[in-house]
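Coordinates in review
Chain by chain, the residues run as shown.
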Amino acid sequence: MPLFKKETPHEDSKSFKSACEKWRRLFTVSEDEKLVNYYSCSYWKGKMPHRGWLYLSVNHMCFYSFLMGTESRLQIRWTDVTRLERSNSVLFSDSIKVSTRSTNYIFSMFISPQEAHRLMEQLANLAMTQLLSEEGFEEDHSLPNRVQKKKSASSLKRDLDARARSEAYRQVFRLPVSEKLDGDTECVLWTPYNKTHVGGKLYISKNYMCFSSRVKDLARVVIPMREISVVEKVENSSLIHNGIHITTKGKMTILLASLKDRDFLVQLISDFLSKCSENTRSSAGDNVSVSSSGSESLQEAETKSLTQLSASLGSMGSTSIARPESGEMSVYFLTLGIEEFSNSKDDKSGDMKLPLQLQPALITVFNDRSEDGVSPKEKVKEHLWSVHFKEYGRGICMYRTIETHKLIIKGIPESLKGEIWMLFSGAINEMATHPGYYLSLVEQSLGKENIATEEIERDLHRSLPEHPAFQSELGIAALRRVLTAYAFRNPTIGYCQAMNIVTSVLLLYANEEEAFWLLVAICERLLPDYYNTRVVGALIDQGVFERLTKEYLPQLYDQMKDLGILSMISLSWFLTIFLSVMPFDSAVNIIDCFFFDGAKIIFQIALAVLDANSEKLIDCTDDGQAMTILSRYLENVYNHDATLQQSHEERQEEEMKQQHSNDITDLIDESYINFGFLTNDMIEKMRLNQRLKVVQELEDSARRTVVRSLTPESCFSQRELEELYLLFKVFKMI
């Protein structure tokens, strides 16, 4: 059945209902507990396999077997699981090993071992999320129901499968966290830059259409529905069958063919455009046509509404939604609250606020962007990108190819960094769909004080102090606003050290609002859980890094483990994406690759640094010596293409240093040559297992702290307090 068409929910099969009733009879579970799926398998108790049924529910995994008068019964909470491993050996064929704090359990002889292991990972991961957030699992009814033909699974399993597919979809195309995959279909994309047809899949969600080629990285396109101005069917011919032609507001044309559900897809896009037209007419009072000629784009409507806002501010300033051109000082002013303006443009009774200046990219103010101030290499890069844009398109709908990746690795020119970062991080989508949101946060946070704002104030002048932009109140004020606005957006994180360093670099190359949305992308999508109070994400990636080092640099791993240095270096490297350990104009090239390739580049660079220093590190006798070697190496990684403002004497001194240094481009190249086989899928799978371990360790630490603090004042023994703690924790999560 075509995946574009949603199926009506089927009732669970009789076999599933029967299994659910049996599971409830055999095990003590709450009425709210839901069975997700069940599998026939063998549990190895000693050297004997016990054939029976494995029941996987939201909070437990249960096994029951009754063979030759012997009963085997297991009930394990997902929150007690510390490791899940799938292995294949002579004795245990296609087995799954489940580890808790005290015991290992081995299950084998599954009919569908891969499916069972994937579901166990999902449920264990949900349990770890509950431990951190103390929120229960809620079934998401808005996800598409996909019922397998061979076996009717529970609605919860369909829900979990849909969640996993949507998560993978969002990660690949860098889409907002609210986007949910509706379906996919095989199709062919016409690529005008080389005049060929590329086979692949088209993925559809509520607000996006995304294409990815079968051949990895050959071609990829992201088409937000909001960017489509015209969609029309293409007449069938010997070359094109069931094709559609899409024209974007940026005047790009995209041709898709061999679509099985062409009529449905055209209707879907047309309905979206009609809905957008109605919304625009009702909100702005302007006519927007869905037809091809004489149509007014949504962007134009947004510009008009902002122009009206500007007019309401009188002669005090102007508001711009376009990126400032290089060298221009684009100034934003906010004199009215967003809510006040939206409710009544003509209401003069509200209190007027002082003008608020929102900064453009700080390099446009503090760097010399004249002809003489830009290095020849920088000019070459700008020319190469200009040629690339002409050939592959520019903006959110551009064709993303291997050639794009090659340009990214060479380093993005300073004048384009903000634009390219916004594009490939997906932050451009968040900003486009939340107009005025950042300004409203800035207004809400003005004059407010809390723990986060106090910590922000302490760290403001420690953020890239060597750059003139942050020796000025312009840069400091912009940094304060972005960090404070994010603390108000996400009070769970608030502010964490290292966010100031990352944000200061974002502000150099992106305007203030763009820097805010880039920070959102980093904290909430690209490096999730990195910047919370317990830096859980960074600790998880620390474990992933240790595992990668053990697998791909085994000799060096043994030495580093003996010195106890891996955990020391990974946190400082990962939290600031190398910005705090190497010259920032070198580290920004890593940021270029990070926004394009995701978290995997951090691991690639870290492994490449260890590999480049392996001979010296193996000869180290203590951790201090190893740290010195790595620190000196990173401090001497230079960007020979950088165009920082320097005096003649500083430039001469810099050139002398660079003669005995490493080039960041070479380091990045080496990381792709030696460790480019790493994928974000591999990283995510490793993170799942590490998350179990890290969250359990944090939970154990929290339990010990609570018990230790209560022991002197309690009549209970330490063991009884630990049992009470676990009991309360369980009830709190139910």
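Because the structure is a prediction, the values reported are computed rather than measured. (Residues numbered from 1 in each chain as written. Predicted model: local features only at pLDDT ≥ 70, side-chain atom pairs only at ≥ 80, totals over all residues. Heavy atoms only, no water.)

Observations concerning the overall build of the chain
When helices and strands are counted, the chain shows 27 helices and 16 strands. Here the chain, with 734 residues, has 52% of them falling under the buried criterion. For the chain, long-range pairs separated by at least 24 residues make up 62% of all intrachain contacts whose partners lie at least 6 apart in sequence. Of the roughly 34900 Å² of accessible surface on the chain, a fraction of 51% belongs to carbon and sulfur atoms. (Helix = DSSP H or I, 4+ residues; strand = E, 2+ residues; numbered from the N terminus. Buried < 20%, exposed > 50% of the residue type's maximum accessible area, 1.4 Å probe, protein only. Contact = heavy atoms within 4.5 Å. Areas by Shrake-Rupley, 256 points an atom, 1.4 Å probe, with all protein chains shown as cover.)

A few points about the packing of aromatic side chains
Under the counting rule described, the total for this entry stands at 27 aromatic pairs. Ring plane angle 70° and centroid distance 5.3 Å describe the contact between Phe 574 and Phe 603, whose orientation is recorded as edge-to-face. Here the residue Phe 574 occupies a position in helix α19 (residues 566-575), and Phe 603 occupies one in helix α21 (residues 600-612), the gap between them amounting to 29 residues. Summarising the burial analysis for this pair, Phe 574 and Phe 603 share the class buried. Centroid distance Phe 675 to Phe 677: 6.5 Å. Interplanar angle 55°. Geometry classified as tilted. Classification of Phe 677 by relative accessible area gives partly exposed; the value is 41%. In this structure an aromatic cluster arises from ring pairing among Tyr 43, Phe 63, Tyr 105 and Phe 107. (Phe/Tyr/Trp six-rings, centres within 6.5 Å; stacked < 30°, edge-to-face > 60°.)

What to know about the sheet that holds strand β5 (residues 81-87)
Hydrogen bonding along the main chain pairs the strands of a sheet, whether they run parallel or antiparallel. A sheet is described by the order of its strands in space; here seven strands give the open sequence β4-β3-β2-β1-β7-β6-β5, paired in antiparallel fashion. The open sheet terminates on both sides in strands that have one partner only, identified here as β4 (70-77) and β5. In this sheet, adjacent strand axes meet at a mean angle of 30° when their direction is disregarded. Alignment of strand β2 (residues 48-57) against strand β3 (residues 60-67), held across four bridges, turns out to be antiparallel. When the sheet's bridge partners are listed, Tyr 55 is paired in β3 with Cys 62. (Pairing = 2+ DSSP bridges. Axes fitted to C-alpha atoms, helices over the stretch in contact; angles between N-to-C directions.)

Considerations on the confidence of the model for the chain
Of all residues in the chain, 80% attain a pLDDT of 70 or more, and the chain-wide mean is 81. Here residues 1-11 is modelled with pLDDT under 50, and outside its nearest four sequence neighbours on either side it reaches 24 contacts, counting other chains as well. In the predicted structure, residues 284-352 sits below a pLDDT of 50 and forms 104 contacts with residues beyond four places in sequence or in another chain. (pLDDT = per-residue confidence, 0-100.)

Some details on the sheet that holds strand β14 (residues 253-257)
Reading across the sheet, the seven strands line up as β11-β10-β9-β8-β14-β13-β12 and stay open at both edges, with antiparallel pairing between neighbours. Taken across any chain shown, the strands that pair with only one partner, and hence form the sheet edges, are β11 (220-224) and β12 (228-234). On average, each strand axis in the sheet is tilted by 30° relative to the strand beside it, whichever way the strands run. With five bridges connecting them, strand β9 (residues 196-205) and strand β10 (residues 208-213) associate as antiparallel partners. Bridge assignment links Tyr 203 to a residue of β10, and that residue is Cys 210.

Comments concerning the environment of Lys 390
Here Lys 390 lies in helix α8 (residues 376-392). C-alpha of Lys 390 to C-alpha of Tyr 193: the two residues are 197 residues apart in sequence and 9.4 Å apart in space.

Some points on the nonpolar core
Met 209, Ile 246, Leu 256, Met 499, Tyr 531, Trp 573 and Leu 610 are the most contacted members of the largest nonpolar core, which totals 149 residues. At 10 residues, helix α16 (residues 512-526) tops the list of elements feeding residues into this core. Not counting the four nearest positions on each side in its chain, Met 499 is found in contact with Leu 483, Tyr 486, Ile 493, Gly 494, Leu 519, Cys 523 and Tyr 531. By size, the runner-up hydrophobic cluster in this structure holds 35 residues, among which are Leu 54, Val 58, Tyr 105 and Leu 156. (Core = buried A, V, L, I, M, F, W, Y, C linked by side-chain atoms within 4.5 Å.)

Concerning the packing of helix α15 (residues 499-509) against α16
Between α15 and α16, the least distance of the axes is 9 Å, while the angle of their chain directions is 140°. Between α15 and α16, the crossing angle belongs to the class labelled oblique. Where α15 crosses over α16, the two elements pack in a sense that is right-handed. Residues Met 499, Val 502, Thr 503, Leu 506 and Leu 507 of α15 form the contact with α16, whose participating residues are Glu 512, Ala 515, Leu 518, Leu 519, Ile 522 and Cys 523. Here the residues of the contact of α15 with α16 are counted per class, giving nine nonpolar, one polar and one charged. (Parallel < 35°, antiparallel > 145°, perpendicular 65-115°, else oblique. Left-handed = near helix turned anticlockwise from the far one by under 90°. Nonpolar A, V, L, I, M, F, W, Y, C, P; charged D, E, K, R; others polar.)

Some points on α19
Among all positions of α19, only Leu 566, Ile 569, Ser 570, Trp 573, Phe 574 and Leu 575 are buried. Backbone geometry just after α19 places Ile 577 at a positive phi near 50°.

Some words on unusual backbone geometry
Here the phi dihedral of Lys 251 falls at roughly 70°; this positive angle occurs in a residue that is not glycine. Inspection of the secondary structure assignment puts Lys 251 in the loop between β13 (243-248) and β14. The exposure class assigned to Lys 251 is exposed, which follows from its relative accessible area of 70%. Phi is positive for Asp 529, which is not a glycine, with a value near 70°. Examined against the element boundaries, Asp 529 turns out to sit in the loop between α16 and α17 (536-552).

Details of the pairing of strand β1 (residues 35-45)
Of all the 11 residues making up β1, 10 are buried; the element is thus mostly covered by neighbouring parts of the structure. Of the pairings in the sheet, the one linking β1 to β2 comprises 10 bridges and is antiparallel in character. Residue pairing for β2: Ser 40 is matched across the bridge by Trp 53. Hairpin remark: β1 followed by β2, antiparallel, with two residues in the connecting loop; positive phi at Gly 46, about 75°. Across two bridges, β1 lies against strand β7 (residues 104-108) in antiparallel orientation. Residue pairing for β7: Tyr 43 is matched across the bridge by Phe 107.

Topic: the environment of Leu 132
Residue position: Leu 132 is located in helix α2 (residues 113-133). For the pair formed by Leu 132 and Arg 534, sequence separation is 402 residues and the distance between their alpha carbons is 9.8 Å.

Describing a nonpolar patch on the surface
A surface patch of nonpolar side chains, amounting to about 230 Å² of accessible area, comprises Val 215, Leu 218 and Ile 402. Within the secondary structure, Ile 402 is located in helix α9 (residues 402-410). For Ile 402, a relative accessible area of 39% corresponds to the partly exposed category. (Patch = residues over 30% accessible without salt bridge, like charges linked within 9 Å, V, L, I, M, F, W, Y side chains within 5 Å. Salt bridge = Lys/Arg side-chain N within 4 Å of Asp/Glu carboxyl O.)

Some points on a negative patch on the surface
Side chains of Asp 611, Asp 666, Asp 669 and Glu 670 sit close together on the surface and give a patch of like negative charge. Element by element, the count of residues in the negative patch is highest for helix α25 (residues 664-675), at three residues. (Lys, Arg positive; Asp, Glu negative; His and termini not counted. Charge placed at Lys NZ, Arg CZ, Asp CG, Glu CD.)

Thoughts on the side chain of Ser 166
Inspection of the secondary structure puts Ser 166 in helix α3 (residues 155-173). One polar contact links the side chain of Ser 166 to the main-chain amide nitrogen of Leu 181, over a distance of 3.0 Å. (Polar contact = N/O pair within 3.5 Å; in protein donor to acceptor, adjacent residues only side chain to side chain.)

Observations regarding the pattern of salt bridges
For the coordinates displayed, the defined rule picks out 22 salt bridges. For Lys 157, the salt bridge goes to Glu 115, with nearest N and O atoms at 3.6 Å. Highlighted residues: Lys 157 in helix α3 and Glu 115 in helix α2, separated in sequence by 42 residues. Residue Lys 157 is classed as buried on the basis of its relative accessible area, which comes to 2%.

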